[in-house]
Amino acid sequence: MTYKNELKISLFSFAMTCLYFITVVQKLVWISWYNTLKYTILFICGIYIFRNFPLIKKNLDNKLTGALGVFSVSASYSAVNNFENIKNRNVILATTVLLLSIWEFYLMIACAKGKGKTKNVVHLYKNLTAITIAVTDVGVLFVPTIDNGNYLIGTKFSVTYLHILLVALYLASNKANQKKDNRAVLTLLITLSVLISLKVECATGIIGLLIYIVCYLNKEQFSKFFLSAKTFIVSILVVDSFAVAYEMILNNRYIQNIISNVFHRSLTLTGRANIYQKLPIILETNLIWGNGCGSAYEIMQRYTPYADAQNGVAQWIIQVGVVGTIALFIALALCFTNPQKNLTNRGEVEIAILIFVFIVLSAIEITFDTMFIALVLLFGYLRLENSCMRKY
């Protein structure tokens with residue numbers, strides 16, 4: 001390998017590392033100039049993408065690119081249309097940053113596939129997640145929370161989800177590189193996830209980890225289920241319909257017993273039932289086109305004392321409307337389509353299971369964020385790269 005090629009690979013890793021801290025990790029509370037850092041990262045990665053666009057163009061998926069294009073146009077229209085209606089947030093700026101983050105990650109993953117380095121991204125992100133968790137957990141244990149109870153990377157949900165992500169990326173990296181799992185390391189990661197979830201008092205994190213472990217232990221039987229585009233879409237529709245059918249579900253005495261006696265939570269699900277009662281009125285404010293990215297907080301505050309919709313699909317509809325939401329999830333579903341059947345799993349199943357976990361949690365939490373989108377894109381291109389390897 002020449003020095004020039006080593007330099008190119010290191011620049012690629014640097015760009016992917018930068019994107020990690022604005023897509024997977026979406027907030028660094030202790031850094032007051034984080035927004036400036038985010039804009040700088042987008043600029044730097046934009047230059048790298050421009051210089052490597054011929055390679056990237058060859059590895060873009062036309063259908064996925066088109067669907068993301070429709071989503072982008074819809075989200076941009078919503079932002080421009082609501083610029084004067086949203087007072088506390090510049091929705092045009094928020095939409096621009098979000099779209100640039102998604103597009104740059106997509107283009108960089110296409111670049112990774114062109115270099116045959118998608119599995120390297122999985123390994124890199126595993127290491128970056130481990131480092132981020134180490135620093136975050138020190139803060140959780142020894143540094144008081146700041147900015148309304150936030151930790152280094154945000155809320156308690158962000159902290160616990162990152163721990164589950166590390167478990168998934170550890171397993172996926174080993175599979176992608178055909179290495180055996182170290183049971184001691186895996187046990188340590190799971191134990192740490194549980195302990196931190198208990199420390200920050202996030203039952204959702206423990207539930208998510210439990211679902212992941214159960215699914216992983218049965219992945220051989222259900223791998224086709226997790227890798228299906230139909231499963232992806234149907235799961236989202238079924239799970240997130242909880243915001244509509246919550247009364248019927250919560251009236252079941254078995255469900256009531258689990259909520260009250262197992263998780264020791266109120267039957268309002270910490271106020272979520274009150275949010276879901278208001279959702280029809282909230283969504284009707286701009287059902288078709290939404291109110292602009294970053295508008296959810298202000299819209300929710302107009303009708304409730306809560307900061308978000310506590311439901312993944314509803315949160316997107318509030319921001320980009322039905323049109324944008326449908327376009328986004330069609331784009332993500334395309335990552336699950338693959339003409340090659342019966343592929344040897346090289347890490348994609350482990351990532352797909354985590355995606356499924358986040359879908360389940362989206363019934364009562366906001367899990368359809370840029371980390372979710374980045375995971376789906378990474379999954380899609382890892383699967384595509386593995387498919388190409390099978391041809392030779």
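Everything below is about the structure printed above this text.
Residues numbered from 1 in each chain as written. Predicted model: local features only at pLDDT ≥ 70, side-chain atom pairs only at ≥ 80, totals over all residues. Heavy atoms only, no water.

### Side note on the packing of aromatic side chains
Spelled out, the test is: Ring pairs shown here join Phe, Tyr and Trp side chains whose ring centres sit within 6.5 Å, with only the six-membered ring taken for Trp; geometry is labelled stacked below 30 degrees between planes, edge-to-face above 60, and tilted in between. The buried label goes to any residue with under 20% of its type's maximum accessible area, the exposed label to any with over 50%, and the partly exposed label to all in between, with areas taken from a 1.4 Å probe on protein chains only.
Taken as a whole, this structure holds 20 aromatic pairs when the rule is applied. Here Phe368 and Phe372 contribute two aromatic rings whose centre-to-centre distance is 4.7 Å and whose plane-to-plane angle is 50 degrees, an arrangement assigned as tilted. On the basis of relative accessibility, which here comes to 4%, the residue Phe368 falls in the buried class. Overall, the relative accessible area of 0% leaves Phe372 in the buried class. One aromatic cluster in this structure is built from Phe232, Phe329, Phe336, Phe368, Phe372 and Phe379.

### Concerning the environment of Leu378
Threshold: In this description a helix means any DSSP run of H or I spanning at least four residues, a strand means any run of E spanning at least two, and both kinds are numbered starting from the N terminus. Any two residues having at least one pair of non-hydrogen atoms within 4.5 Å are treated as being in contact.
By the element assignment, Leu378 lies in helix H18 (residues 370–390). On a C-alpha basis, the gap between Leu378 and Cys335 in space is 8.8 Å, while along the polypeptide they are 43 residues apart. Sequence-distant contacts of Leu378, defined by excluding residues within four places in its chain, comprise Phe105, Ile109, Thr118, Val121, Val122 and Ile351.

### Description of the pattern of salt bridges
As a reminder, the rule being used: Within this document, salt bridges are pairs made up of a side-chain nitrogen of Lys or Arg and a carboxyl oxygen of Asp or Glu, the two lying within 4 Å of each other.
Overall, the coordinates contain three salt bridges when judged by the stated rule. Residue Glu350 pairs with Lys219 through a salt bridge whose shortest N-O separation is 2.4 Å. Placement of Glu350 in helix H17 (residues 348–361) and of Lys219 in helix H10 (residues 219–226) is noted, with a sequence separation of 131 residues between them. Look at Glu350 and you get buried, because its relative accessible area is 1%. Salt-bridge contacts for Arg302 lead to Glu298; the nearest nitrogen and oxygen are separated by 2.9 Å. Separated by four residues within a single helix, Arg302 and Glu298 lie in helix H15 (residues 296–303), roughly one turn from each other. For Arg302, a relative accessible area of 48% puts it in the partly exposed group.

### A closer look at the environment of Cys215
In this fold, Cys215 is placed in helix H9 (residues 203–217). Cys215 gets classed as buried once you look at its relative accessible area, which sits at 12%. In this structure, the C-alpha to C-alpha distance between Cys215 and Phe356, residues 141 residues apart in sequence, is 9.3 Å.

### Here we look at the state of the cysteines
Selection criterion: Two cysteine sulfur atoms make up a disulfide if the distance between them is within 2.5 Å.
Counting across every chain of the model gives zero disulfides. The structure places no disulfide on Cys45, whose sulfur is separated from the nearest cysteine sulfur, that of Cys18, by 5.2 Å. Of the residues examined, Cys45 reaches a relative accessible area of 0% and is grouped as buried.

### Quick notes on H15
Of all the residues in H15, the buried ones are Ala296, Glu298, Ile299 and Met300. Next to the buried residues of H15 lie helix H14 (272–283) and helix H16 (312–334).

### Thoughts on unusual backbone geometry
In most cases, non-glycine residues show a negative phi, while peptide bonds are predominantly trans. Despite not being glycine, Gln178 has its phi angle at roughly 55 degrees, a positive value. Mapped onto the secondary structure, Gln178 falls in the loop between helix H7 (156–176) and helix H8 (183–199). Judged by relative accessible area, Gln178 falls into the exposed class, the value being 64%. Backbone geometry at Gln310 places phi at a positive 55 degrees, although glycine is not the residue there. Position of Gln310 relative to the elements: it lies in the loop between H15 and H16.

### What to know about the packing of H7 against H17
Rules: Note on definitions: angles span 0 to 180 degrees between N-to-C directions of axes, and those axes are lines fitted to C-alpha atoms, for helices only across the stretch in contact. In these notes the angle categories are as follows: under 35 degrees is roughly parallel, over 145 is roughly antiparallel, 65 to 115 is roughly perpendicular, and the rest is oblique. When the near helix sits turned anticlockwise from the far one by under a right angle, the crossing is termed left-handed; a clockwise turn instead gives a right-handed crossing. Note that Gly is not counted as nonpolar here; it falls among the polar residues with everything else outside the nonpolar set of Ala, Val, Leu, Ile, Met, Phe, Trp, Tyr, Cys and Pro and the charged set of Asp, Glu, Lys and Arg.
Packing of H7 against H17 leaves a shortest axis separation of 8 Å and a crossing angle of 160 degrees. The angle between H7 and H17 falls in the class roughly antiparallel. The two elements H7 and H17 meet at a crossing, and its hand is right-handed. The segment H7 lies against H17, with Tyr161, Ile164, Leu165, Ala168, Leu171, Ala172 and Lys175 engaging Glu350, Ile351, Leu354, Phe358 and Leu361. In terms of residue class, the contact of H7 with H17 is made up of 10 nonpolar, no polar and two charged.

### What to know about a nonpolar patch on the surface
This is how it is decided: Note on patches: the residues involved have over 30% relative accessible area and no salt bridge, like charges join within 9 Å, and the nonpolar side chains Val, Leu, Ile, Met, Phe, Trp and Tyr join within 5 Å. All accessibility values rest on the Shrake-Rupley procedure with a 1.4 Å probe; residue burial counts only the protein chains present in the view.
A cluster of nonpolar side chains, Trp30, Ile131, Val135, Val138, Leu141, Phe142 and Val143, forms an exposed patch at the surface whose accessible area comes to about 670 Å². Relative to the elements of secondary structure, Trp30 occurs in the loop between helix H1 (3–23) and helix H2 (34–51).

None of the figures reported here should be taken as evidence of function without further support.
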